[in-house]
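# A structural walkthrough
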Amino acid sequence: SAGVIETDAVIVGAGPVGLFQVFELGLLEIKAHIIDSLAYPGGQCIELYPDKPIYDIPALPVVTGKELTDNLMKQIEPFGATFHLGQEVTTVEKQEDGRFFVATSKGTQFLTKTIFIAGGVGSFQPRTLKVDGIDKHEGSQVHYRVRKPEQFAGKNLLIVGGGDSALDWALNFCGGNEDGNPHKAESVILLHRRDGFRAAPASVAKMKELCDNYEMQFIVGQVTDLDEAEDGALKGVKVTGGDGVTRVVPCDQVLVFFGLSPKLGPIAEWGLALERKQILVDTEKFQTSVPGIFAVGDINTYPGKKKLILSGFHEAALAAFGAMPIINPEKRVHLQYTTTSPKLHKVLGVE
Ligand code: FAD
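For clarity, every value in this text was computed on a predicted model and none was experimentally measured. (Residues numbered from 1 in each chain as written. Predicted model: local features only at pLDDT ≥ 70, side-chain atom pairs only at ≥ 80, totals over all residues. Heavy atoms only, no water.)

### Points about the pairing of strand β13 (residues 217-228)
Residues in a regular strand point their side chains to alternate faces of the sheet. The condition that has to hold: By this definition, two strands are paired if DSSP reports at least two bridges between them. In this description a helix means any DSSP run of H or I spanning at least four residues, a strand means any run of E spanning at least two, and both kinds are numbered starting from the N terminus.
Pairing of strand β12 (residues 187-192) with β13 involves 4 bridges; the strand directions are parallel. Bridging across to β13, Ile189 finds its partner in Gln217. Taken together, the 7 bridges between β13 and strand β14 (residues 234-241) define a ladder with antiparallel strand orientation. Bridging from a neighbouring strand, Gln222 pairs with Thr240 of β14. Taking the residues between adjacent antiparallel strands as the criterion, β13 and β14 are bridged by 5 residues, where Gly232 takes a positive phi near 90°.

See the structure below:
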């Protein structure tokens, strides 16, 4: 149909290895579409350790997860890859003409000659609150991410969690953040299972100050049940405190920040040979059991595999060369140096 994007290469996952796959394909003049379920590139480096230093990237004595991602984004800029973020690749199906049909959770569709799965430990999904009957409130009164902060202005909020997201949003909706007060809630209650936080100490201090000033409330406990009105709407939740007593906490909206956990998810259903939830590949081309589908980075396995960024970079280079005969069978590919090759300079835009 008209909406289907036809392309040579689709990359599943925009972690460090997926990003570098864009570069290696780009040097061979292959344009790529790259998809990630997260709303931003960087994979684990951004989601799990943006400010932590990495010491084993060759020739970068120290670089944080965020810096590495920013550098990769800069390095791949000349190749104009198309990013499709905030959507999970759900479907991969081989077509009769040898190409693959790829579709995402947002309905984006591709017909592609090759696929590079750089899905890492899987796609990151928010961990949910495990309480009976909570599902039907998801999206209306129970939320695991904030898409439109303005929808919570003037509301009575219960924010659950003890990490940076929970603290940051609690402060934001209290008007306690530094960049003003764009979405002040009517009231904010922060609920965490213990009186200790995995968040920036400055945020914790700010939260305590706001509590001392009665601008927000902090409760130790866990949501154990819902308090629903007759029409089924949520009017509060039942919280079992550290003292074992269960109390009703009234609220309009519940925001849960339990972090993200990676799920292999749909990748397991694409008919690829797996070994302990990793995709089996050869070490010549990093091709999977399905010709035309390659797997690079943390998602793959082979004898001696080490889940390191530098290994993923190497795999991406060989996968790109390995894909050339499928994408462009007529073209002979010679290894060229970026230092000296006028052709690569042209491709890189550095003439
Ligand atoms: P990831 O970074 O996991 O990215 C995969 C991406 O694919 C994710 O963004 C995910 O959302 C997306 N995805 C998955 N499935 C789908 C789908 N179906 N549809 C759409 N998107 C999908 N390595 C080092 O080399 N040196 C270090 O010092 C180091 N320190 C680390 C410290 C910590 C705390 C952690 C957790 C890891 C560290 N690592 C380190 C490991 C390193 O982060 C990983 O090896 C690297 O991130 C793997 O990159 P990747 O691109 O293969 O996968």
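### Brief notes about the site of the ligand
The test is simple: Residues are classed as near a molecule or strand on a simple rule: at least one heavy atom within 4 Å of it. Whenever two N or O atoms come within 3.5 Å, that pair is a polar contact, provided that in protein one can donate a hydrogen and the other can accept it, and provided that, for residues adjacent in sequence, both atoms are side-chain atoms. Surface accessibility follows the Shrake-Rupley procedure with a 1.4 Å probe radius. Residue values consider only the protein chains on display as shielding. Polar here means any residue other than Ala, Val, Leu, Ile, Met, Phe, Trp, Tyr, Cys and Pro, which are nonpolar, and Asp, Glu, Lys and Arg, which are charged; Gly is therefore polar.
Around the ligand, the surrounding shell holds 32 residues, and the nearest of these are Asp36, Gln44, Tyr49, Asp56 and Asp298. Val17 is positioned such that a nitrogen or oxygen atom in its backbone is 3.0 Å from an oxygen atom of the ligand. At 2.6 Å from an oxygen atom of the ligand is found a side-chain nitrogen or oxygen belonging to Tyr49. Protein coverage of the free-state accessible area of the ligand, which is 1,000 Å², stands at 86%. Those elements that place two or more of their residues in the shell around the ligand are α1 (16-27), β2 (32-36), α2 (43-47) and β9 (123-126). A total of 3 residues in the shell around the ligand trace back to one element, the largest contributor, which is α1. Class assignment of the residues belonging to the shell around the ligand gives a composition of 15 nonpolar, 12 polar and 5 charged.

### Points about helix α5 (residues 201-212)
So the rule is basically this: In this analysis, the expected span of each helix is defined as 1.5 Å times one less than the number of residues it contains. Remark: exposure states derive from per-residue accessible area (1.4 Å probe, protein chains only) relative to the maximum for the residue type, with buried under 20%, exposed over 50%, and partly exposed in between. The reported arc concerns the directions from the helix axis to the C-beta atoms and nothing else. Contact definition: two residues touch when any of their heavy atoms are within 4.5 Å.
Compared with the 16 Å implied by 1.5 Å per residue over 12 residues, the 16 Å span of α5 between its first and last C-alpha is a close match. Of the residues making up α5, those classed as buried are Ser203, Val204, Met207, Leu210 and Cys211. The buried residues of α5 occupy an angular sector of 125° when the element is viewed end-on, so they sit on one face. Facing away from the buried surface of α5 by more than 90 degrees, the exposed residues are Pro201, Ala202 and Asp212. Residues of α5 that are buried in the fold lie against α4 (164-174), β12 and β13. The first or second residue beyond α5 is Tyr214, which carries a positive phi of 60°.

Interpretation note: all reported values are geometric properties and have no functional meaning in isolation.
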